[in-house]
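Inside the fold
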Amino acid sequence: MFSRPLLYGNFSKICASAAARQPHQSVTQPTTASTAVANNNTQIREYHEVVGDILCPSQVMGIDHIRDPRLNKGLAFTLEERQVLGIHGLQPARFKTQEEQLELCKIAVNRYSESLNKYLYLSDLQDRNERLFFRFLSENIEEMMPIIYTPTVGLACQRFGLIYRRPRGLFVTINDRGHVFDVIKNWPEPDVRAIVVTDGERILGLGDLGASGMGIPVGKLALYTALAGIKPHQCLPILIDVGTNNIDLLEDPLYVGLRQKRVVGREYDDFIDEFMQAVVKRYGQNTLIQFEDFGNHNAFRFLDKYRNTYCTFNDDIQGTASVAVAGLYASKRITGRSFAEYTFLFAGAGEAAIGIADLVVKAMVAEGVSLEEARSKIWMVDIDGLLTTTRKDGNLEGHKFNYAKEVEPMKNLEDIVDKIKPNVLIGASAAAGIFTPKILQTMAANNERPVVFALSNPTSKAECTAEQAYQNTEGRVIFSSGSPFPPVTIGDKTFYPGQGNNAYIFPGVALGVIATGTHHIPDDMFLIASQELANYVSDADLERGSLYPPLSSIREISMRIAMGVTKCAYDKGLASTYPEPQDKRKWLEEQLYNFNYESSLPVTWVWPRMPYIKTRDESPLLAAIK
């Protein structure tokens, strides 16, 4: 199901070569096979070039086999493979298993004390040996997640101009207007199924990083493969470069993007439209397009604009919402309350906060609460204070209006917490430390088990630390964060706070969507993902202070989410892959990437001996010409 026919253009190449050998070929002749192909924009590939996951081993010989990260196995090539492939002598005599190589990777990455150096080692490993990289990442996800993703990926983006090595995605600039399709055609893979795209305007909590934001799509798609088994050749990271308003970057001699202020308005919108159309033209209507780290003012606009005409979702809105709501589902097992009995207060009213609030409302409606009552349970604070219909400062554009209350304006967060008395306090503000000791103590005074989520990334932007949350609530807080925090000991009990990481959600959703060829992605799929994740949380996890299962279990969670998404796609008539599989788990597993080495030699097989049949004697042909 995951394979599409590949057109290599070898016939055209042969024709072009033959034409070049003609002794009297005139330079004024108008056309040859090669120029005709070029005029028709047909891609011509070298014989040894590898695309997709379909390979004829005999076509990739010698050192090219070692240089291609998809084919390279390092010292794991057998003697026979080395001899047949023509690489014998290019490597030392030692033969290693993949397991031995994994141990070496662990030793090598632990040699570095700085996380950015570990990030660079892993990037180099991916450049050299793709299967080893993904297996190492998938089997050591608890240790490697903070390196390949948050928080280290934020540092990698900040220093992107210094550490950039080689292409691992496409940069599409505003200067390519009218030619976006031509740029996308330059990507050598014909079988792309998932794209993660950003314009770099709001990278994590770090702000506008422009073209340096490419580290985010690259990291996200690495997790697509490591956590959900989506084949790496089907993943394409894209950075849309329309400039940056970050003066430090514009003046930075190492910055690799366009040195201009951001293009905005109609010109920007038309460019995004062209990009979406070009993706569909190149890879098909069912190509998954995940929007990542767009500015708040664009994120909801594009989600509302494209969600019913393209296969797309916004991870900052819907992925964050799904993982947060999963934590809230798990918290109900501790508090014994339903969502309808909670009062929610959000510090922050951007795309993450609104996305969580909208999914919480959907969860309450699923429990039988009316839409109006569900929204009345949710209060929000932005930079201008409490969202109210009476305030003079700020605005209530877009989805904010749904959560504005008819009360007097208030600005001080401590006063707001004291007045509203929320049961659940959720931070999605990127404002470090705004959950002060007084706020946390007020939450503890008003609730036997206060629920506090400090979700902003990276760690330096968190609304409070895990230690602050536990210390100021006498250890009674139900805490979750967006970035990892170390264990906290209060008295004789040690708490291991869970990280509400989007990586629990988006790989599994993507796997289900890609496998089923889903047309559009409804919010129902993200609510299903929340429930599947919450159901996987054990009593032991809750006892140790975590609302989430260990990161090491994400691959199983991704599979369960993908199964739920698959069922939803067929139930709602959104799937385009038929017939509907009866055993959905087995069907999904058959399509996953193989992290283990495969033989580099052509497959051979034996024919049965032909039965003996006596043939007649040959007789000369008689020419009967009269």
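In the nomenclature of an unreviewed UniProt entry, the protein corresponds to Malic enzyme from the organism Musca domestica. The Sequence similarities (unreviewed entry) field of the UniProt record for the protein holds the comment "Belongs to the malic enzymes family."

**A short note on the sheet that holds strand β14 (residues 498-499)**
One open sheet holds the seven strands; their spatial order is β8-β7-β6-β9-β10-β11-β14, and the pairing between them is mixed. Bordering the open sheet on either side are β8 (385-386) and β14, each of which pairs with just one other strand. Strand contacts of helix α19 (residues 413-420): β6 (344-347), β7 (378-382) and β8, with the helix running at about 170° to β6, the strand carrying the most contacts.

**With respect to the packing of helix α16 (residues 315-335) against helix α17 (residues 351-366)**
Following both chains from N to C, one finds α16 and α17 inclined at 50°, their axes separated by 8 Å at the closest point. Regarding the angle of α16 to α17, the classification is oblique. Handedness of the α16/α17 crossing: right-handed. Judged by residue contacts, D316, I317, T320, A321, S322, A324, V325, L328 and Y329 of α16 engage E351, A352, G355, I356, L359, V360 and A363 from α17. The residue makeup of the contact of α16 with α17, split by class, is eleven nonpolar, three polar and two charged.

**Examining the domain arrangement of the protein**
One frequently used descriptor of interface size is the decrease in accessible area upon assembly of the parts. Per the domain assignment, the segments making up the protein are domain 1 (149-310) and domain 2 (318-503). Taking only C-alpha atoms into account, the centre of domain 1 sits 30 Å from that of domain 2. With 18 residues of domain 1 at the contact, the number on the domain 2 side is 18 residues. Summing both partners gives a buried area of about 1,200 Å² for domain 1 against domain 2, and 59% of it is carried by carbon and sulfur. Considering only the side of domain 1, the residues that lose the most area to domain 2 are P151, G205 and F300, jointly responsible for 38% of the buried surface there.

**Some words on the packing of aromatic side chains**
As enumerated under the stated definition, the model contains 25 aromatic pairs in all. Here Y470 and F495 contribute two aromatic rings whose centre-to-centre distance is 4.4 Å and whose plane-to-plane angle is 15°, an arrangement assigned as stacked. One end of the pair, Y470, is in helix α21 (residues 466-471); the other, F495, is in strand β13 (residues 493-495), and 25 residues separate them in sequence. On the accessibility criterion, Y470 (1% relative accessible area) is buried. Given a relative accessible area of 8%, F495 falls into the buried group.

**Some points on helix α15 (residues 296-306)**
When α15 is considered as a whole, its buried residues turn out to be N298, A299, F300, F302, L303 and Y306. Tucked into the core, α15 has its buried residues touching α14 (266-283), β4 (288-291), β5 (312-314), α16 and α17.

**What about the pattern of salt bridges?**
Applying the stated rule across the entire model yields 38 salt bridges. Between D382 and K400 there is a salt bridge, with its nearest N and O atoms 3.0 Å apart. Of this pair, D382 sits in strand β7 while K400 is found in the loop between β8 and α19, placing the two residues 18 residues apart along the sequence. Both residues of the pair, D382 and K400, count as buried. Ionic pairing is found between R585 and E589, a salt bridge with its closest N-O pair at 3.1 Å. Of this pair, R585 and E589 both sit in helix α26 (residues 584-589), four residues apart, which is roughly one turn of the helix. Residues participating in the shared-partner salt-bridge network are R202, D293, D316 and E351.

About the thresholds
Residues numbered from 1 in each chain as written. Predicted model: local features only at pLDDT ≥ 70, side-chain atom pairs only at ≥ 80, totals over all residues. Heavy atoms only, no water. UniProt positions renumbered as here; feature names shortened; annotations may be inferred. Pairing = 2+ DSSP bridges. Helix = DSSP H or I, 4+ residues; strand = E, 2+ residues; numbered from the N terminus. Contact = heavy atoms within 4.5 Å. Axes fitted to C-alpha atoms, helices over the stretch in contact; angles between N-to-C directions. Parallel < 35°, antiparallel > 145°, perpendicular 65-115°, else oblique. Left-handed = near helix turned anticlockwise from the far one by under 90°. Nonpolar A, V, L, I, M, F, W, Y, C, P; charged D, E, K, R; others polar. Domains from an automatic or database assignment. Buried area = accessible area lost by both parts, 1.4 Å probe. Phe/Tyr/Trp six-rings, centres within 6.5 Å; stacked < 30°, edge-to-face > 60°. Buried < 20%, exposed > 50% of the residue type's maximum accessible area, 1.4 Å probe, protein only. Salt bridge = Lys/Arg side-chain N within 4 Å of Asp/Glu carboxyl O.

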